[in-house]
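Coordinate analysis (summary)
Take a look at the letters that make up each chain.
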Amino acid sequence: MLAFTGIPLFFLELALGQFASEGPITVWKLAPLFKGIGWAMVVVSGLVGIYYNVIIAWTIFYFVASLTSKLPWMDCQNPWNTPACKEAGINCTNAIGSQSPSEQYWERHVLGLTDGLENMGIIRWKLALCLLGAWVVIFLCLIKGVKSSGKVVYFTATFPYIVLVILLVRGVTLPGAKKGIMFYVTPDFNKLKDSKVWADAATQIFYSLGVGFGGLEVMSSYNKFKNNCYRDALLVSIINCMTSVFAGFVIFSVMGFMSEKMAVPVAQVAKSGPGLAFVAYPEGIAQMPIAPLWSVLFFLMLFTLGLDSQFAMMETVISAISDEFLVLRKYKMLFTGFLCVLLFLLGLPCVMDGGMYIFNLIDSYSGGYSLMVIALVEVIVISWIYGYKKFAADIKMMIGFTPNIYWRITWQFLTPAIIVFILVFSAIKATPLSLGSYLYPCWAQMLGITMVFASIVFIPLMMGIETCKHFGCKKTLKIMVSPTPDWGPAEPEYRTGKYAIDRQRSRDPIPAKSNDIQLQKRPSDGATNQGYVPDGDFAHF
């Protein structure tokens, strides 16, 4: 999925944003009929941003709880524990129906988990304060745009590597670590028959690389025009994936240790989603010497990882809408504050007693399918309607050489085919949403499907609006799928002279700057943002 969807889409979006110095909405001057792709990206980023900061709130909660001499989930001697709580000892398997201390801490103390959506309970104020704190941090880091968030990223992007190395050294020295690592690296090829595995792989790559969210267009739009985005795409994509693989060794060394302690197979210890980060791994940490130290480091790492991704999604929403409605640029601070408050309020249901059911609903439906549909339409429009040759000529103008045959094959054939394959078979194999033993009611699943269409509906909606604008014009379709007069590089020197002549030989000419065409580089508060890309989605760790 990395080779045939992740890297091709990553390079495509980097090159697109850098060439035009435009965000995900205004960049569709190259084919106005498909402006809805940009709006769909913004909606997806907004929806994911709602629940993503809830994860950051959880990490803040656990981080604060770790600032103690004894972790509160180490044993069953706490007010929230029930008789079902059983502490795992060496060669001691928990009884059927029992729960570990970390499970009860997570479900009963942190979440206050109810029996379903029908019983939402009340807002858990400690979590609500953590969520508020998370949004305050996001606001302060974005208050001056990429100039401020870019500086913060110097720390948030490098600190996790330091912690991962520390945790790996500690993990591999634990008894049973080898068992967990062997479970991690030993493949089960029968799983490849399951379409869900392919869909999960695609979703992981999309989230990890930030493809389809619009963040890549926003961040690359601040790059210098001649920046080598080809090199950036390859390096960042590969390093990103290698980091995920490396993190797996960190996680599964501790899972092996837990398997040894509980005398059960590793498969029974390992969990997916939030359960891995907030139940299984903390349980393993609690068994280590100097447990609070490792816990503080782990949750501080998750916090910094979360900030990276949230920066990108929020900057996407803010910049894209500000580019479309230029008056908002004058009130950047107020607009940023308004969005943070709005998304904080929308996230409050996720910190109620039954909030985990809302969280799981948004997590399951807001991204996956929507991202793949958006990416599918995007790659088809650029490689077939705008045209591969034009796009390749644009890239050559920036980096000095034309992309090789690999990019043409993936952009025009392989990537769209793989995405269609996953979408079709995922739809065929779809099962009702559940959380543990709780099966979501039909109305909740319909709400989830509505979230899927809440973003992609903008694609046909904007097509309709654009068609109405040109109603009655001759050659309407040709006008709507052709670049507008102001499409092209923002800097005037790249629109005239030698560059324009070279580009004209292989594609349509770019008109020189005129009085009625306003061409300007995206305002970057005096900063460029080369190399700034969304970090991996730790929720899918």
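Basis of the calculations
- Residues numbered from 1 in each chain as written.
- Predicted model: local features only at pLDDT ≥ 70, side-chain atom pairs only at ≥ 80, totals over all residues.
- Heavy atoms only, no water.
- Salt bridge = Lys/Arg side-chain N within 4 Å of Asp/Glu carboxyl O.
- Buried < 20%, exposed > 50% of the residue type's maximum accessible area, 1.4 Å probe, protein only.
- Disulfide = S-S within 2.5 Å.
- Phe/Tyr/Trp six-rings, centres within 6.5 Å; stacked < 30°, edge-to-face > 60°.
- Helix = DSSP H or I, 4+ residues; strand = E, 2+ residues; numbered from the N terminus.
- Contact = heavy atoms within 4.5 Å.
- Axes fitted to C-alpha atoms, helices over the stretch in contact; angles between N-to-C directions.
- Left-handed = near helix turned anticlockwise from the far one by under 90°.
- Nonpolar A, V, L, I, M, F, W, Y, C, P; charged D, E, K, R; others polar.

In this section: the pattern of salt bridges. Using the criterion set out here, one finds 10 salt bridges in the structure. A salt bridge links Lys 70 to Asp 75; the nearest nitrogen and oxygen atoms lie 2.5 Å apart. In this structure Lys 70 comes out as partly exposed when scored by relative accessible area, which is 45%. The network of salt bridges with common partners includes Glu 22, Lys 29 and Asp 486.

This part is about the state of the cysteines. Counted by the stated rule, this structure contains 1 disulfide. Across a sulfur-sulfur distance of 2.0 Å, Cys 76 and Cys 85 are joined as a disulfide pair. Linking Cys 76 and Cys 85, the disulfide has an S-S dihedral of approximately -75° and is accordingly described as left-handed. Comparing Cys 76 with Cys 85 shows no difference in burial state: the two are buried.

Another point: the packing of aromatic side chains. For the coordinates displayed, the defined rule picks out 42 aromatic pairs. Between Tyr 357 and Tyr 438 the ring centres are 4.9 Å apart and the planes differ by 65°, which places this aromatic pair in the edge-to-face class. Here Tyr 438 lies in strand S2 (residues 438–439) and Tyr 357 lies in helix H15 (residues 355–365), a separation of 81 residues in the sequence. Classification of Tyr 438 by relative accessible area gives buried; the value is 11%. Both rings, one in Phe 421 and one in Phe 425, keep their centres 4.6 Å apart while their planes meet at 40°; by these two values the pair is tilted. Of the two residues, Phe 421 and Phe 425 are both situated in helix H17 (residues 405–428); the distance of 4 residues between them amounts to about one turn of the helix. Residue class for Phe 425 comes out partly exposed when judged on its relative accessible area of 35%.

Now for the environment of Val 211. Tracing the sequence through the fold places Val 211 in the loop between helix H8 (195–209) and helix H9 (215–220). When neighbours within four sequence positions are excluded, Val 211 is seen to be in contact with Gly 6, Leu 9, Phe 10, Glu 13, Phe 206, Leu 216 and Leu 371.

All right, on to the packing of helix H2 (residues 36–65) against helix H19 (residues 458–469) then. Closest axis-to-axis distance for the H2/H19 pair is 7 Å, and the angle between their directions is 145°. The crossing of H2 and H19 is right-handed. Every residue of H19 that contacts H2 at Gly 36, Ile 37, Trp 39, Ala 40 and Val 43 is listed here: Phe 458, Ile 459 and Met 462. A per-class count over the contact of H2 with H19 returns 7 nonpolar, 1 polar and no charged.

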